[in-house]
Amino acid sequence: MSSALLQSAGISEDELERRREKLLADLTLDEKLGLCAGKGLWQSAGIKRLGLRPLGMTDGPHGIAYHSSFKRATRFPAEIALAATWNTELVHELGKAVGDEARCVGKQVVLGPGVNICRTPLNGRTFEYFTEDPYLNSRLAVAVINGIQSQGVAACIKHFAANNQETRRMSVDVQVSERALREIYLPAFEAAVKEAKVQTIMACYNKVNGDQGCENDYLLNQVLRGEWGFSGLVLSDWFAARNTRNTASAVSGGLDLEMPGLAAKRLRRKDLQKALAQDEINEQQIDNKVRALLDTMLLTGCDQPPVKKQSPDPEKYKSLARQIATESMVLLKNVNQQLPLNVDAIKSIAIVGKHAKHRFTGPLKGGSSGVWPRYEVTPFEALTTLSKGQFEIINDAAKADVAIVFVGLGHKAGQDCEHYDRKTLSLPPEQEQLIIDTAAANANTVVVLINGSPLAMENWIDSASAILEAWYGGQEAGNAVVDLLFGLANPCGKLPVTFPKKIEDCSAHKSEKTFPGDDQVFYEEELMVGYRHFDNENIEPLFPFGFGLSYSEFNYSELQLSATEFVEGEELEISFTLTNSSERAGVEIVQLYIGEQQPRLVRPVKELKGFQRVELAAKESRQVRFSIDAGKLAFYDDGAKQWCCDVGKYHLYIGGSCRDIGLNAAVHFAG
Ligand code: BGC
């Protein structure tokens, strides 16, 4: 049961059970059957007679979507940008803010976070997901869900599971091994259920190993409910249940609530009545579905009188939105310390590229996550504000002290957009040309990228003296960009995905069969997703997972282990010194990776198992500690059908990215 939700509802688990069972006993069979499909687009059915209001839902995850609330709300940076902060406390704050705004607009469920793994950089929804790494994914999922649910609003983790592409997303049958599911695609869902007690989960459109997401007995009944103990509500992705085989298979396959009610096809009252009459399903199954819905309603106050719906206060989360945007942006290149720009030494700046003025926020911009804020500060506006009395903004790059080129993608078909995958890893050719031409005119050319998925840069990277990955930074994006470019803030974001040099370097892109597939898509790369693949094949990425520059400089030294050997049940303490050797305060995201030296089954060279955000003053040194136990060494043995830790030697790698390992050591796990 959901602890953050229970706490905010202020009732005990026993009391919840008592109230739910009483309601269940009071419901007629007909009423129960009427609760298994939604009403309209964004809500469940309710029971007026018993004072139960419908459960209202709104799309997330980086704000309250306009199309499902008709209210303008705070637009935070896109999910991939949240991940680039690697800051679980900040992401928890974001969850609280989103939960608060959901309550404000009268909604009980936030449809997010999305935690599908970035298997290919071409997935059109990469910007709506966190990362390619299951550990980082899990930590972020738990943080955001705890935040949302602390506000008396249920989170809905999505899309369960292996929904990693938009091409044929409604029908494609993902062929994936159990081991890859357990180690790569499911961990964030598992952590959400076991640690954050997420109250609802959205079953995906696609099939997984032959069965559609809403009738996938293995995923929904065996793993989610059976193994992980989930007792919350399983709802369908919008219209997904239509692609199930029939009513009985959706009921038995584990779906509780068909969404939306409009155009429901499987779990309507009349479908269920028919299936009951033909003994294809039984009342016990219906009772269990209604229990999950009633719990969610009781925990989110659907039994209380409604509060007046309001528009969120545009001032309330302004500074949080700016902080997240600032911490999310990743400095990719900075030759000769071109950045930060010195405002006192610059007389003119050329601002080039339409992305400088473009507004990326608005209803349906990007699809489901289209939040429409009250305002959006573009980089051009923020630069104009800063320029007053300081420097001139001009158009001609050749005449300026510095040129800043704003390029990237947008929320349109074939770029970062739901329903479509990208066709290419590159920027549109005219934008690449713009960078090249600007750099030819001005040797001090800074490129700011506005996009939500990895980009190839080989055609132009050498012409840029500095590159800032700004993602889709939400309503405060412009201010954050300017703070970073001018050193009012120090960059600390790190990439949550590998940026490959070319698409053929990615493990999902070995053939048509592996992406995008046809009726079926084959995850032949198994565990080797993202940096796991680049490490194992020894391929040089453009920018590695975990990478990001700072205006400070960090050094790693004095690695110490509490022992060189440890056993099950023991904790191994790892400590080292992190030094900021620069004159500027800064933040380093330190990363711990572990790899087994001679694994019994194929394993990645190394895997992320810990990270910390360390803030250091100029010239400060600090001791940083990690502790690991046998669980951090585990892999899923699909023969034995369980997680195992083998006796043997393991390497520990500590550093500022998966390719920048400052310290390493070996330890022996003795069983
Ligand atoms: C998307 C979900 C979204 C739902 C409701 C679907 O098309 O896949 O992420 O929550 O629509 O808008």
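Just above sits the structure.
Residues numbered from 1 in each chain as written. Predicted model: local features only at pLDDT ≥ 70, side-chain atom pairs only at ≥ 80, totals over all residues. Heavy atoms only, no water.

Colleague: Outline the sheet that holds strand E21 (residues 621–628), listing residues and values.
Modeller: One open sheet holds the three strands; their spatial order is E16-E18-E21, and the pairing between them is antiparallel. If you trace the sheet from one side to the other, it starts and ends with strand E16 (554–561) and E21, each paired once. The mean angle between the axes of side-by-side strands here comes to 25°, regardless of whether they run parallel or antiparallel. (Pairing = 2+ DSSP bridges. Helix = DSSP H or I, 4+ residues; strand = E, 2+ residues; numbered from the N terminus. Axes fitted to C-alpha atoms, helices over the stretch in contact; angles between N-to-C directions.)

Colleague: Describe in detail the site of the ligand, supporting the description with residues and values.
Modeller: In the region of the ligand, 13 residues are neighbours, and Asp59, Arg125, His159, Tyr205 and Asp237 sit closest. At a separation of 2.4 Å, an oxygen atom of the ligand approaches a polar side-chain atom of Asp59. The contact in question runs from an oxygen atom of the ligand to an N or O atom on the side chain of Lys158, over 3.0 Å. A per-class count over the shell around the ligand returns five nonpolar, two polar and six charged. (Near = heavy atom within 4 Å. Polar contact = N/O pair within 3.5 Å; in protein donor to acceptor, adjacent residues only side chain to side chain. Nonpolar A, V, L, I, M, F, W, Y, C, P; charged D, E, K, R; others polar.)

Colleague: Account for the sheet that holds strand E2 (residues 109–111), naming residues and giving values.
Modeller: Taken in spatial order, the five strands of this open sheet run E1-E2-E3-E5-E8, and their pairing is parallel. Every other strand in the sheet has two partners, leaving strand E1 (57–59) and strand E8 (233–236) as the edge strands with one partner each. Going from strand to strand, the sheet's axes swing by 30° on average, the running direction of each strand aside. Pairing analysis gives two bridges linking E2 to strand E3 (residues 154–160), with the strands arranged parallel. Residue pairing in the sheet places Val110 in a bridge with Ala155 of E3. Relative to E3, helix H9 (residues 187–194) is tilted by about 155°, and along the sheet it contacts E3 and strand E5 (200–203). (Contact = heavy atoms within 4.5 Å.)

Colleague: Let's hear about the environment of Tyr205: which residues, and what values?
Modeller: Here Tyr205 shows up in the loop between E5 and strand E6 (207–208). We classify Tyr205 as buried; its relative accessible area is 4%. For Tyr205 and Lys632, which are 427 residues apart along the polypeptide, the C-alpha to C-alpha distance reads 32 Å. With sequence-adjacent residues up to four places away left out, Tyr205 is seen in contact with Arg169, Met170, Gln212, Asp237, Trp238, Phe239 and Ala240. For Tyr205, the side chain forms a polar contact with the main-chain oxygen of Trp238, separated by 2.8 Å. (Buried < 20%, exposed > 50% of the residue type's maximum accessible area, 1.4 Å probe, protein only.)

Colleague: Any details on the packing of aromatic side chains? Residues and values, ideally.
Modeller: Centre distance and the angle of the planes are the two values used to describe a pair of aromatic rings. Under the counting rule described, the total for this entry stands at 20 aromatic pairs. Ring centres 6.3 Å apart and planes at 80° place the aromatic pair Trp471 and Phe499 in the edge-to-face group. Residue Trp471 is found in the loop between strand E14 (466–469) and helix H17 (477–485), and its partner Phe499 is found in the loop between H17 and strand E15 (520–522); the two are separated by 28 residues along the sequence. Under the relative-accessibility criterion, Trp471 is labelled buried at 1%. Taken together, the ring pairs connect Trp86, Tyr135, Tyr531, Phe545, Tyr593 and Phe611 into an aromatic cluster. In this structure, Lys318 is placed above the aromatic ring of Tyr375, and the distance from its NZ or CZ to the ring centre is 5.5 Å. When the ring centre of Tyr593 is taken as reference, the NZ or CZ atom of Lys606 above it lies at 5.8 Å. (Phe/Tyr/Trp six-rings, centres within 6.5 Å; stacked < 30°, edge-to-face > 60°. Lys NZ or Arg CZ within 6 Å of the ring centre and 35° of its normal.)

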